[in-house]
Amino acid sequence: PLFSEAYLEYLATHSLPRVDVTLDEATDDIAIQTTGEWPMVTFWETVVMSEVSEAYFEGLMQTEGIPLEELKQEGDHRLDEWIDFLRDHPEVKVAEFGTRRRFSLEWQRHVTDRLATACPENLLGTSNVGLARELGIRAVGTFAHEIPMVYAGIADASGDDIRASHQQMLDDWFGTYGTTLSTALSDTFTSDFFFTDFTREQAQQWNGLRQDSGDPLEFADKAIAMYERHGVDPTTKTIFFSDGLDVAMVRKIHEAISGRIMDAYGVGTNLTNNLGVKALNIVMKATHVRLADGSGEADLVKLSDNTGKHTGTETKVAQYEDIFVPQPAFVGGLHA
C-alpha cells in the first residue's frame, strides 16, 4: 500500500476548496486562485490547468474555423515520429506527463493508448492516475516543486531554518514512501544547491533525480560528478529528464549520456498537445503559506535553473538567492 489509512480517510472526508476565476485588469488575462488546506488545495493545479487548456483550444477551433479531424491527422503524424524513434530504441524509456497542458482528455487518452499499444516496452506509464487505471498501465511521477517550496514557506513562517527545510522535506518524503517514489526533483532552489545538499546516504538510497530546467547535459555531468564524489556508481542511478522534450532532444541526451548513467524521459506537451497549433504556456503555483494556527505566514519562492522560471516576489527571490545559491569562494589579492 502506497498511502496510509489516515491519508485515505482524509481524502474521503474532505472536499476541494472554492476556486475564484477573475479577469486580471492589469494584464487583461484570466486569473484563477484558490486558498485552503494544503492536502486538498494542491489538487486544483492539475484540474485548473487542464480545463483552461481544453477550453482554450475548443474556442480556438471555433473562432478560427479549424477542423478537429485536420488537427488529429497532424497530431497522429507527429506522434508517428515518437513511435518510430522509440521502436528503433527499445532501451529508451518514456512516461506520459502531459495532463496539465493537454489539447483534450480525449487526445491524451488517444496518445497514451497508442504508445501503450505500439511500444509498450518503452512506456513507463502516465502521470494521469485515471488514465493509468483505465488503460491498465502504471501511474508514475515524482514530487513537484510545490512541496519543497511549501516546506520552506512553513519554516519561514515559523521562524525556522529555511535552508534546512529542504533536507527535512527529503527525509519526510523518503520516510513515507521509501525507494518506491525515490526520484528527487532537483531544481526548486537551483540544482547547484541540490548537489551540495544531497547527502552520501541519500545518493546511495534514492533511485535517481529529475531534471526540469537548465541544460540537461550540464546537469548530467554534475549529477555524475556528485555520485562519484559520494562513492556511488552512476550507472546504477537514473536521471529522469522532463523539461520541454521533443524527439530530437531525447535523442541528443540519450546518445550523450548512454553508458554513463541511466536515463528516462517524462514528456508532456510534446505528446499531448502536439497537433500543429501552439500550446499554452501556463502555470499554477503555490504562492503563499499561512500556518494553521494563524501564528505566521510567508510568500513562496522557486529558484529554477532557468532564471526566467523563478517565481515569487522580487524581495523574496533575492532573500532565497542569498540562502540557497552557492557563492564562489574568493581567491586572490592585490595585484600590481
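Everything numeric in this text was worked out from a predicted model, so none of it was measured. (Residues numbered from 1 in each chain as written. Predicted model: local features only at pLDDT ≥ 70, side-chain atom pairs only at ≥ 80, totals over all residues. Heavy atoms only, no water.)

### Re helix α4 (residues 68-88)
So, point 1. Taking 1.5 Å as the rise per residue, α4 with 21 residues should run 30 Å; its terminal C-alpha atoms sit 30 Å apart, in good agreement.
So, point 2. Within α4 the residues assigned to the buried category are Leu71, Lys72, Gly75, Leu79, Trp82, Ile83, Phe85 and Leu86. Taken down its axis, α4 places every buried residue within 160° of arc, on the same side. Residues of α4 that are exposed and point over 90 degrees away from its buried face: Gln73, His77 and Asp88. (Helix = DSSP H or I, 4+ residues; strand = E, 2+ residues; numbered from the N terminus. Expected span 1.5 Å × (residues − 1). Buried < 20%, exposed > 50% of the residue type's maximum accessible area, 1.4 Å probe, protein only. Arc of directions from axis to C-beta.)

### Description of helix α3 (residues 44-64)
So, point 1. The first and last C-alpha atoms of α3 sit 30 Å apart over 21 residues, in line with the 30 Å expected at 1.5 Å per residue.
So, point 2. Trp44, Glu45, Val48, Met49, Ser50, Ser53, Glu54, Phe57, Leu60 and Met61 are the residues of α3 that are buried.
So, point 3. Buried-residue contacts for α3 involve β1 (19-24), β2 (29-34), α2 (38-41), α4, α5 (105-118) and α7 (146-158).
So, point 4. In the stretch just after α3, Gly65 is the one whose phi turns positive, near 65°. (Contact = heavy atoms within 4.5 Å.)

### Remarks on the sheet that holds strand β4 (residues 123-126)
So, point 1. Read across the open sheet, the six strands follow the order β4-β3-β8-β7-β6-β5; overall the sheet is parallel. A strand with exactly one partner marks an edge of an open sheet, and here the two such strands are β4 and β5 (183-185). In this sheet, adjacent strand axes meet at a mean angle of 25° when their direction is disregarded.
So, point 2. With four bridges joining them, strand β7 (residues 238-241) and strand β8 (residues 262-267) adopt parallel strand pairing. (Pairing = 2+ DSSP bridges. Axes fitted to C-alpha atoms, helices over the stretch in contact; angles between N-to-C directions.)

### Examining the packing of aromatic side chains
So, point 1. Applying the stated criterion across every chain, the model contains 17 aromatic pairs.
So, point 2. Arranged with centres 5.4 Å apart and planes meeting at 45°, the rings of Phe57 and Phe103 form a pair that is tilted. Taken as a pair, Phe57 in helix α3 and Phe103 in the loop between β3 (94-96) and α5 lie far apart in primary sequence, 46 residues in all. Note on accessibility: Phe57 and Phe103 belong to one class, buried.
So, point 3. Here a set of aromatic residues connected by ring pairs shows up, and it is made of Phe174, Phe194, Phe195, Phe198, Trp206 and Phe219. (Phe/Tyr/Trp six-rings, centres within 6.5 Å; stacked < 30°, edge-to-face > 60°.)

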